[in-house]
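Each chain, letter by letter, is given below.
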Amino acid sequence: MLPHVETPNSENVAACCDKLLAERGTGLFSMTEAIGELRRRTGTERSDADLAGLITKKAALLGVAVMAH
């Protein structure tokens, strides 16, 4: 499997994920919406599964509820 590829101008995806979830606070968040927003903000080419795993871990630490769809 090839490693994910980031664009030269993309932000740190993990830091952007933290910011995105902090902005949401404790409200519900759709996984599809979160993945789409991370892609829009960072230009990442990581797989949906990779981004979903990152979002799930970060959301658990921050206490943000993420819905599967």
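Reading the values: the criteria
- Residues numbered from 1 in each chain as written.
- Predicted model: local features only at pLDDT ≥ 70, side-chain atom pairs only at ≥ 80, totals over all residues.
- Heavy atoms only, no water.
- Salt bridge = Lys/Arg side-chain N within 4 Å of Asp/Glu carboxyl O.
- Helix = DSSP H or I, 4+ residues; strand = E, 2+ residues; numbered from the N terminus.
- Contact = heavy atoms within 4.5 Å.
- Polar contact = N/O pair within 3.5 Å; in protein donor to acceptor, adjacent residues only side chain to side chain.
- Buried < 20%, exposed > 50% of the residue type's maximum accessible area, 1.4 Å probe, protein only.
- Expected span 1.5 Å × (residues − 1).

Peer 1: I'd like a description of the pattern of salt bridges, backed by residues and values.
Peer 2: In a structure, side chains of opposite charge can pair up when their charged atoms sit close to one another. One pass over the structure, following the stated rule, counts six salt bridges. Of the charged contacts in the structure, one is a salt bridge between R40 and E37, with a shortest N-O distance of 2.5 Å. With R40 and E37 both in helix α2 (residues 31–42) and three residues apart, this pair spans about one turn of that helix. The shortest N-O distance in the salt bridge between R46 and D50 comes to 3.6 Å. A cluster of three or more residues bridged by salt bridges with shared partners is formed by E23, E37, R40 and R41.

Peer 1: Account for the environment of K58, with residues named and values stated.
Peer 2: Note on placement: K58 falls in helix α3 (residues 48–62). Residues K58 and A15, spaced 43 residues apart in sequence, show a C-alpha to C-alpha distance of 9.9 Å. If we skip the residues at most four places from it in the chain, K58 touches A14, C17, D18 and L21. Side-chain polar atoms of K58 contact the side chain of D18, separated by 3.2 Å.

Peer 1: Tell me what's going on with the side chain of T44, and back it up with residues and numbers.
Peer 2: Among the secondary structure elements, T44 is positioned in the loop between α2 and α3. On the basis of relative accessible area, T44 is assigned to the buried category, the value being 5%. A distance of 3.1 Å separates a polar side-chain atom of T44 from the backbone nitrogen of R46.

Peer 1: For α2, give the residues involved together with the corresponding values.
Peer 2: An ideal rise of 1.5 Å per residue puts 16 Å on 12 residues; α2 measures up with 16 Å between its terminal C-alpha atoms. Of the surrounding elements, those touching the buried residues of α2 are α1 (13–24), β1 (29–30), α3 and β2 (66–67). Among the residues of α2, the N-terminal cap falls to S30, whose side-chain oxygen and the backbone nitrogen of T32 are separated by 3.3 Å. Looking one or two residues past α2, G43 carries a phi angle of roughly 75°, positive in sign.

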